[in-house]
Amino acid sequence: MAIQHPYLMFLGDAPDQLAAKTAAGVAHWRPDWCVGQLRLPDCHADLGLKDMTIAEAKAAGVKSVIVGVANRGGKISEAWITVLTEALASGMDLASGLHKKLVDVPALREAAKVHGRQLFDVRHPTRDFDVANGKTRPGKRLLTVGTDCSVGKMYTSLALEAEMRKRGMKADFRATGQTGIFIAGDGVSIDAVIADFISGAVEWLTPANDADHWDLVEGQGSLFHASFAGVTIGLIHGAQPDALVLCHEPTRKHMRGLPDYQLPPLGLCMERNLEAARLTNPKARFVGIAINTSGLKPDAAETYLETVSKEYDLPAVDPVRHGVGAIVDNLD
């Protein structure tokens, strides 16, 4: 069942702006879905949305309260329970991407039952998936892959969806992480799927479609990341991508969380991802490189992008600074 919008973004007692990064991502990409924010007295984050009480949110037609906090350990604070219970009693559903499940909080579970509301723990899949079959299916798919974690795969996928829809193309963002699920309204948090079923879950997420329809699959992890390569390979095989976009952050000194591992050269990373992708789609190819140049001054960023584009004969863009039009131009 899809999460219903409009949303009220619950920031709780987030100690700083970074602690509300999940909510910030949703508000950036789906501003028309986010009608307000609810902050407790000790909250130090602000999305720039209208501050609302539960009663005000109900009057505004809110259907779901999104727990947009990313705290240490993924816990549901006792300080939140009263407000979240009030939301359920007012006819709203709750959705969270934290490790701690909403359904495992007795007060919330009981309130949802009494008031007939839904609790969405989007990090934890609620359905079973088949083992992947690797069979070719109609429709087109693009997968973002990365030299590392957190290099802009979700942002690039969403930017591609926006650009393609603006051109009148058939395109849908397919979420594979909790923030992406809130943005899309549904999806599969792929890092919580049992390993044998990851590729099958991606096949389910990107089913047969019209020949000219594109699924834009949010990538996760990196084939070169010792911690998360398993999730990446499952995504690659299940997506059967026709097109791949490499995402990279050039100022990073080492793999995220792994100081003993250096980032791979772009060419080697593309080579390895293509080898993996061609197991289930022999025609897979790279169509562009998306680079987060926020750590570079404008002149240095332009020089770097020009150098990369020339070296690999692919459009190289910063999705924030330049958009992704050049990549879309390169699609079949």
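Being a predicted model, the structure only gives us computed values, none of them experimental. (Residues numbered from 1 in each chain as written. Predicted model: local features only at pLDDT ≥ 70, side-chain atom pairs only at ≥ 80, totals over all residues. Heavy atoms only, no water.)

## Quick notes on the sheet that holds strand β9 (residues 243-248)
The six strands lie next to each other as β7-β8-β6-β9-β10-β11, forming an open sheet whose pairing is parallel. Looking along the sheet, the strands with just one partner apiece sit at the ends: β7 (170-174) and β11 (316-317). Inspection of the sheet shows strand β6 (residues 140-146) paired to β9 by five bridges, in the parallel sense. Of the residues in β9, the one forming a bridge with leucine 143 is leucine 244. In the packing of helix α5 (residues 153-166) onto the sheet, contacts are made with β6, β7, β8 (213-217), β9 and β10 (285-291), and the angle to β7 comes to roughly 160 degrees. Sitting on the sheet, helix α10 (residues 298-312) touches β9, β10 and β11, and the angle it makes with β10 is about 170 degrees. (Pairing = 2+ DSSP bridges. Helix = DSSP H or I, 4+ residues; strand = E, 2+ residues; numbered from the N terminus. Contact = heavy atoms within 4.5 Å. Axes fitted to C-alpha atoms, helices over the stretch in contact; angles between N-to-C directions.)

## Overview of the sheet that holds strand β5 (residues 119-121)
Strand order across the open sheet formed by five strands is β2-β1-β3-β4-β5, with parallel pairing between neighbours. Unpaired on one side and paired on the other, β2 (34-39) and β5 mark the two borders of the sheet. Each adjacent strand pair in this sheet contributes to an overall mean axis angle of 20 degrees, direction not counted. Both strand β4 (residues 93-96) and β5 contribute to a ladder of three bridges, which runs parallel. If you follow serine 96 over to β5, its bridge partner there is aspartate 121. Lying over the sheet, helix α1 (residues 21-29) contacts β1 (7-12) and β2, oriented at roughly 155 degrees with respect to β1.

## Concerning the domain arrangement of the chain
Accessible area lost upon the coming together of the parts serves often as the stated size of an interface. Structurally, the chain comprises domain 1 (7-121) and domain 2 (140-329). The C-alpha centroid of domain 2 is placed 29 Å from the C-alpha centroid of domain 1. Contacts between the two partners involve 13 residues from domain 1, matched on the other side by ten residues from domain 2. Counting across the interface, domain 1 meets domain 2 through one salt bridge. Between glutamate 161 and arginine 30 there is a salt bridge, and its shortest N-O distance comes to 3.4 Å. Linking domain 1 with domain 2 are three residue pairs in polar contact (both at pLDDT 80 or more), by the criterion used here. Looking at the side of domain 1 that touches domain 2, the elements with two or more residues in it are α1, β3 (64-67) and β4. Ranked by residues supplied to the side of domain 1 that touches domain 2, first place goes to α1 with five residues. (Domains from an automatic or database assignment. Salt bridge = Lys/Arg side-chain N within 4 Å of Asp/Glu carboxyl O. Polar contact = N/O pair within 3.5 Å; in protein donor to acceptor, adjacent residues only side chain to side chain.)

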